[in-house]
Amino acid sequence: MIGGGYVGLVSGACLAAFGAEVTVIEQDPARLARLQSGDVPIYEPGLAALLERQRIAGRLSFCGHLAEALPGREAVFIAVGTPARRGSGHADLRYVSQVVEELARCAENLPGGRELLVVMKSTVPVGTGRDVARKLAELRPDLRFTVASNPEFLREGEAINDFMQPDRVVIGLDGQRPGADRARAFLTRLYCSETSSLTPDRLAFMGLESAELTKYAANAFLALKVTFINEMADLCEASGGVIEEVARGMGLDPRIGAAFLQPGPGYGGSCFPKDTRALATTARQKGTPMQLVETTIATNEARKRRLAERILALAATLRPLSSDPDAAERPQNGEVQIAVLGLAFKAGTDDMRDAPALTILPLLLEAGARLHLYDPQAMAQARTQLGQREGLTFAASLEDALAQAELVVVLTEWPLFRALTPQTLARLMPGRLVIDCRNLWPPEEMRAAGFTYHRLGRGLD
Ligand SMILES: NC(=O)c1ccc[n+]([C@@H]2O[C@H](COP(=O)([O-])OP(=O)(O)OC[C@H]3O[C@@H](n4cnc5c(N)ncnc54)[C@H](O)[C@@H]3O)[C@@H](O)[C@H]2O)c1
Ligand SMILES: O=c1ccn([C@@H]2O[C@H](COP(=O)(O)OP(=O)(O)O[C@H]3O[C@H](CO)[C@@H](O)[C@H](O)[C@H]3O)[C@@H](O)[C@H]2O)c(=O)[nH]1
């Protein structure tokens, strides 16, 4: 398993639990050292225990060099990052290319005329599997290998369950290539082992290109669904509807489904933003632009900026912010103190990649607000991404974040926040103004506790 990140670690540990002997190759020395010492460099519920169990069982190890781990292995999974290229929507395939070159340097032919199976788990643009096969054949004409596409659909925060009990495992193969049948049999054995609860009917075999496109199609469709419900939430606010009621009414139709109908501050994370951009870029390149996907991307970006404006407008009802040209003429009592609950792009993860907080918070700071940030898992990543800035405090605890708060902004739906009762919230903060971008608390209870409570998709009643 090449890459010891969110996908590589979870896939490696789960395939080991399915009975495979797995070595995770990680090139970052600091990350590798942590993994080898039994430490887990990312937050993912249940992962530390699973990695430990598989290590003790002798099925999982960590290594820095492919050449050391490869001899005797039947398959290589590529789970390296494919971020967006700087300044463009294209997927950056530099890590994938690097892996192909490493493979060409150190792969050996398997005994018995069998092909080495090269499985792409990373999310890569359509055509990449075929390019990888072409490149490897060019560099190593003697090597017998088959390339498969096996995109991963796990969600952060639910990753182990998603991997072990997936709705489907998509596997793309080039049926024309020698070894395609053997690859199909190998992957079926791997996923549907005695210790796995998966059965072969969960495996969706298809062509290489279809598998690569399926991954982007699924993410773009889900991003579109979230964006749709966010726009419906805005319309509810403007017209007297309640978004939870509308979402329930829609979701009861099995053709629509109830999942992914929670309004929020805009989708974020390591996948939806970059994958929608990559899909839109591919579609344009191929001469079949996807207007829906492009509009989804633009709508989601605009949402984060509009939310920042909304928060600032609320803050300005307390006191003018220093960026307000009239501020100098009005009595001042210091800058508005805002507690921000949640920084990660969603609950259950420490991942800050493309989190809405990264767009919203700098806009609040620019306007002169004082921010007290708290997230149960993402503080370290948030510090790295946001840096030290005037007006920004990384609070040591939820209580510290709330201690001076005149206004609370909820950005992430952590259970810790949901578990706060409105009475406790009222005790912990001096202010009585809340804007909740995850709709955590019952409006009646918030009102009863004395709050002016703004949430998404429901007018202030
Ligand atoms: N994060 C998710 O929830 C998720 C879910 C499904 C699919 N994906 C896709 O899976 C891929 C990996 O995502 P991730 O979130 O795990 O990325 P990540 O950045 O967390 O991890 C990638 C790891 O690969 C390592 N690496 C890079 N090149 C290497 C090399 N040549 N040899 C050894 N190690 C190398 C990096 O040091 C890093 O630790 C991406 O294509 C992503 O789009 C991610
Ligand atoms: O009803 C919803 C559902 C999600 N979101 C937001 O949408 C984003 C993505 O959420 P989620 O899909 O749960 O997170 P990821 O871990 O990024 O998982 C997505 O991206 C992965 C990487 O490609 C895929 O493997 C998964 O199938 C896909 O769900 C987050 O910002 C969520 O807050 C909402 O606002 N409302």
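Conventions and cut-offs
Residues numbered from 1 in each chain as written. Chains lettered and ligands numbered in written order. Predicted model: local features only at pLDDT ≥ 70, side-chain atom pairs only at ≥ 80, totals over all residues. Heavy atoms only, no water. Helix = DSSP H or I, 4+ residues; strand = E, 2+ residues; numbered from the N terminus. Rg over C-alpha atoms; globule rule 2.2 N^0.38 Å. Buried < 20%, exposed > 50% of the residue type's maximum accessible area, 1.4 Å probe, protein only. Contact = heavy atoms within 4.5 Å. Areas by Shrake-Rupley, 256 points an atom, 1.4 Å probe, with all protein chains shown as cover. Lys, Arg positive; Asp, Glu negative; His and termini not counted. Charge placed at Lys NZ, Arg CZ, Asp CG, Glu CD. Near = heavy atom within 4 Å. Polar contact = N/O pair within 3.5 Å; in protein donor to acceptor, adjacent residues only side chain to side chain. UniProt positions renumbered as here; feature names shortened; annotations may be inferred. Pairing = 2+ DSSP bridges. Axes fitted to C-alpha atoms, helices over the stretch in contact; angles between N-to-C directions. Nonpolar A, V, L, I, M, F, W, Y, C, P; charged D, E, K, R; others polar. Domains from an automatic or database assignment.

1. Structural notes on the overall build of the protein
Helix and strand content of the protein: 18 helices and 13 strands. Relative to the compact-globule value of 23 Å for 461 residues, the protein shows a C-alpha radius of gyration of 24 Å, a close match. Counting only C-alpha atoms and orienting by the principal axes, one finds that the protein spans roughly 85 × 45 × 40 Å. Burial status across the protein gives 55% buried among its 461 residues. In the protein, the proportion of contacts linking residues at least 24 apart, taken out of those at least 6 apart, comes to 70%. About 20400 Å² of surface is accessible on the protein, with carbon and sulfur atoms providing 52% of the total. Side-chain charges in the protein split into 51 positive and 55 negative, and the spacing between the mean points of these groups amounts to 3 Å.

2. Comments concerning the site of ligand 2
Taken together, the neighbourhood of ligand 2 is formed by 19 residues, with Phe153, Leu154, Lys215, Gln262 and Cys271 sitting nearest. With respect to ligand 2, the side chain of Lys215 contributes an N or O atom lying 2.7 Å from an oxygen atom. Lys346 places a side-chain nitrogen or oxygen 3.0 Å from an oxygen atom of ligand 2. Burial of ligand 2 by the protein amounts to 92% of the accessible area it has alone, namely 690 Å².

3. Topic: the UniProt feature "active site" (unreviewed entry) in the protein
In the UniProt entry, the feature "active site" (unreviewed entry) is given for Cys271. Looking at Cys271, the relative accessible area reads 30%, which means it is partly exposed. Those residues within four positions of Cys271 in sequence are excluded, and the remaining contacts are Asn219 and Thr276.

4. What to know about the side chain of Arg303
By the secondary structure assignment, Arg303 is in helix α12 (residues 291-318). With residues near it in sequence (within four places) discarded, Arg303 still touches Asn230, Asp234, Gly264, Pro265, Gly266 and Leu456.

5. Remarks on the environment of Cys236
Locating Cys236 in the fold gives a position in helix α9 (residues 208-239). Distance in space between the C-alpha atoms of Cys236 and Leu456 is 8.6 Å, their sequence separation being 220 residues. Not counting chain neighbours up to four residues away, the residues in contact with Cys236 comprise Gly241, Val242, Ile243, Val246 and Gly457.

6. Some words on the sheet that holds strand β9 (residues 370-374)
Across the sheet, six strands lie side by side as β10-β9-β8-β11-β12-β13; this open sheet has parallel pairing. If you trace the sheet from one side to the other, it starts and ends with β10 (392-394) and β13 (452-455), each paired once. Taking each pair of neighbouring strands and ignoring which way they run, the sheet shows an average axis angle of 20°. In terms of strand pairing, strand β8 (residues 337-341) meets strand β11 (residues 407-410) through four bridges, oriented parallel. Bridge pairing links Ile338 to Leu407 in β11. The strands that helix α13 (residues 357-366) touches are β8, β9 and β10; relative to β9, the one it contacts most, it runs at about 150°.

7. What about the site of ligand 1?
Surrounding ligand 1, one finds 29 residues, the nearest of these being Val7, Glu26, Thr82, Glu156 and Lys274. Contacts to ligand 1 include Tyr6, whose backbone N or O atom sits 3.0 Å from an oxygen atom. Here a nitrogen atom of ligand 1 sits 3.2 Å away from a polar atom, N or O, in the main chain of Gln27. About the coverage of ligand 1: the protein hides 91% of its 830 Å² of free accessible area. Residue classes in the shell around ligand 1 are distributed as 10 nonpolar, 10 polar and nine charged. When residues are assigned to domains, the shell around ligand 1 turns out to be shared by domain 1 (6-206) and domain 2 (222-298), each giving three or more.

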